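These are the residues of each chain, in order.
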Amino acid sequence: MDGRPAADRDVVAQAAARGLLAAQGVVHIPAFIAADAARALHAAIATALDDVPSSDYGLLLNDTWRRVPALESWLRGGPLGPLLTALYGAPLLLFQDNLVWKRPGTGSAIEWHQDYSYWPLDRPGGLTAWLALDDADVDSGALIYAPGTHVLGECEPADFISGSGQPTRDDLPPLDLAAADRIATAQPVRAGDLLVHHPLVLHRSGPNPTRRERMGLSLTAIDADVRWDTAHAPHPFALSLRPDDGVRVSADPHFLRLLASGGAEGSPRF
Ligand SMILES: O=C(O)CCC(=O)C(=O)O
């Protein structure tokens, strides 16, 4: 304790988190939710998805929140909206989530990539929030970042899953994977921690050959001003929602608003 009132400490912590995000492209927020709450979300997701098959990458699923009521109510009334809005500084909506559940013995890595490469959107406006629903270290597939690489701008898309066939983009600079490897920094987490990263920061994660579970939920929060650009990247929403390019994504009620003030559980914690 530093003797300052709690509200002042929050302001200082928030400024520090924004500074880290701007400088490194990623900020780690330990114990964002209680470990028990993270375990409860893990259990609710596992129960809802018991019929969904895994691959050698584990169980990867888009828009998990639409199948798991406990997750939906956490997103609507929990602390995520307030925190992300405070970090980003403008209204956000939840574009999608991507569950990455690396069960024990998951053999494949997720390769270096920038998240924006896979968004059918006109700009990298927004943040990715990655919620740890298990403890994870580098042996069990924790995220690994190349800090600061968000300032390089958009690079050529990479197949973050081998063979996923991302279209090539000769107009963009190649990813410098050797440089990323040199500065690679693993980010171990405990269940309930949150990582928030810039859509252009390079990151990857290894396999999980351990006997431990490693469930993480990657949440794409986008600026309410971002518009559709389906030529930017292939995405299932292009087929299911058939959006018109140039229109604001926020015009579609399909997407959840991430509110700056949540419910009883919803005050931001830095
Ligand atoms: O959870 C993982 O292993 C990968 C997540 C990821 O690449 C992301 O959140 O953008």
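Above this note sits the structure.
Since we're looking at a predicted model, the values are computed, not measured. Every chain's residues receive numbers from 1 upward, in the order its sequence appears when written. Residues qualify for local features only when their pLDDT is at least 70, as the model is predicted, and side-chain atom pairs are given and counted only at 80 or more; totals for whole chains, interfaces and linings, by contrast, use all residues.

### Some details on the site of the ligand
Part 1 of the reasoning: As a matter of local geometry, the ligand sits amid Val100, Ile110, Asp115, Thr128, Trp130, Gly141, Leu143, His203, Ser205, Gly216 and Ser218.
Part 2 of the reasoning: Every helix listed is a DSSP run of H or I at least four residues long, and every strand listed is a run of E at least two residues long, numbered separately from the N terminus. When residues of the shell around the ligand are traced back to their parent elements, those giving at least two are strand E5 (126-132), strand E9 (202-205) and strand E10 (214-223).
Part 3 of the reasoning: Put simply, Ala, Val, Leu, Ile, Met, Phe, Trp, Tyr, Cys and Pro go in the nonpolar bin, Asp, Glu, Lys and Arg in the charged bin, and everything else, Gly too, in the polar bin. Here the shell around the ligand is built from residues that sort into four nonpolar, six polar and one charged. By definition, a residue lies near a molecule or strand when the C-beta atom built from its backbone is within 6 Å of it.

### Side note on unusual backbone geometry
Part 1 of the reasoning: One non-glycine residue with positive phi stands out, namely Ala31, at about 50°.
Part 2 of the reasoning: Mapping Ala31 onto the fold places it in the loop between strand E1 (26-29) and helix H2 (35-48).
Part 3 of the reasoning: Owing to 13 C-beta atoms within 10 Å, Ala31 belongs among the partly exposed residues under this scheme.
Part 4 of the reasoning: The backbone of Asp63 sits at a positive phi, close to 60°, despite the residue not being glycine. Think of it as a crowd count around each C-beta: if 20 or more other C-beta atoms lie within 10 Å the residue is buried, if 12 or fewer it is exposed, and in between it is partly exposed, with C-beta placed from the backbone throughout.

### Some words on the pairing of strand E3 (residues 92-102)
Part 1 of the reasoning: Burial within E3 is extensive, with 10 of its 11 residues counted as buried.
Part 2 of the reasoning: Two strands pair under a simple rule: DSSP has to find at least two bridges between them. As paired elements, strand E2 (residues 59-62) and E3 share four bridges and run antiparallel to each other. Bridging from a neighbouring strand, Leu61 pairs with Leu99 of E3.
Part 3 of the reasoning: Bridge count between E3 and strand E11 (residues 256-258): three bridges; the pairing is antiparallel. Residue pairing for E11: Leu94 is matched across the bridge by Leu256.
Part 4 of the reasoning: Pairing analysis gives 10 bridges linking E3 to E10, with the strands arranged antiparallel. The residue of E10 that forms the bridge with Leu93 is Ile222.

### Focus on the pairing of E10
Part 1 of the reasoning: Within E10, 10 of the 10 residues are buried, which leaves it mostly tucked inside the rest of the structure.
Part 2 of the reasoning: Direction of pairing for E5 relative to E10: antiparallel, over a ladder of seven bridges. From the neighbouring strand, Trp130 faces E10, where its bridge partner is Ser218.

### What about the environment of Leu92?
Part 1 of the reasoning: As for its position among the elements, Leu92 is in strand E3.
Part 2 of the reasoning: In the structure, Leu92 is positioned 130 residues away from Ile222 in sequence and 5.2 Å away in space, judged by C-alpha atoms.
Part 3 of the reasoning: Setting aside residues no more than four positions away along its own chain, Leu92 makes contact with Leu84, Thr85, Gly126, Ala221, Ile222, Asp223, Ala224 and Leu258. Whether two residues are in contact is decided by their C-beta atoms, placed from the backbone, lying within 7 Å.

### Observations regarding the nonpolar core
Part 1 of the reasoning: Counting residues in each nonpolar core, the largest one holds 59 residues, and the members touching the most others are Leu84, Ala129, Val196 and Ala221.
Part 2 of the reasoning: Here this core gets seven residues from one element, more than from any other, and that element is E3.
Part 3 of the reasoning: Those residues in contact with Val196, other than ones at most four positions away along the chain, are Leu21, Val26, Val27, Ile29, Leu87, Leu127 and Ala129. By convention the nonpolar core is taken to be a set of buried residues drawn from Ala, Val, Leu, Ile, Met, Phe, Trp, Tyr and Cys and joined through C-beta atoms within 7 Å.

### What about the sheet that holds strand E7 (residues 185-187)?
Strand pairing in a sheet is mediated by backbone hydrogen bonds. Such pairs are either parallel or antiparallel.
Part 1 of the reasoning: Ordered by their spatial adjacency, four strands build an open sheet running E4-E9-E6-E7, and the pairing between neighbours is antiparallel. Both outer strands of the open sheet, strand E4 (110-113) and E7, are each paired with one neighbouring strand and no more. Pairs of neighbouring strands in the sheet enclose a mean axial angle of 20°, with direction left out of account.
Part 2 of the reasoning: Where E4 meets E9, two bridges bridge the pair, whose relative direction is antiparallel. Bridge pairing in E9 links His113 to His203. Angular values range over 0 to 180 degrees, each being the angle between N-to-C directions of two axes fitted as lines to C-alpha atoms, with helices fitted over their stretch in contact.

### Details of helix H4 (residues 80-88)
Part 1 of the reasoning: Every buried residue of H4 is listed here: Leu80, Gly81, Leu83, Leu84, Thr85 and Leu87.
Part 2 of the reasoning: Two residues or fewer past H4, Gly89 is found with a positive phi of approximately 85°.

### What to know about the packing of H2 against helix H3 (residues 69-77)
Relative orientation and spacing of two packed helices are given, respectively, by the angle between their axes and the distance between those axes.
Part 1 of the reasoning: Where H2 meets H3, the closest approach of the two axes is 8 Å, and the angle between their N-to-C directions is 135°. Relative to H3, H2 is oriented oblique. Judged by residue contacts, Ala40, Leu41, Ala44 and Ile45 of H2 engage Ala70, Leu71 and Trp74 from H3.
Part 2 of the reasoning: Residue composition of the contact of H2 with H3, grouped by class: seven nonpolar, no polar and no charged. The labels follow the angle: roughly parallel below 35 degrees, roughly antiparallel above 145, roughly perpendicular from 65 to 115, and oblique for the rest.

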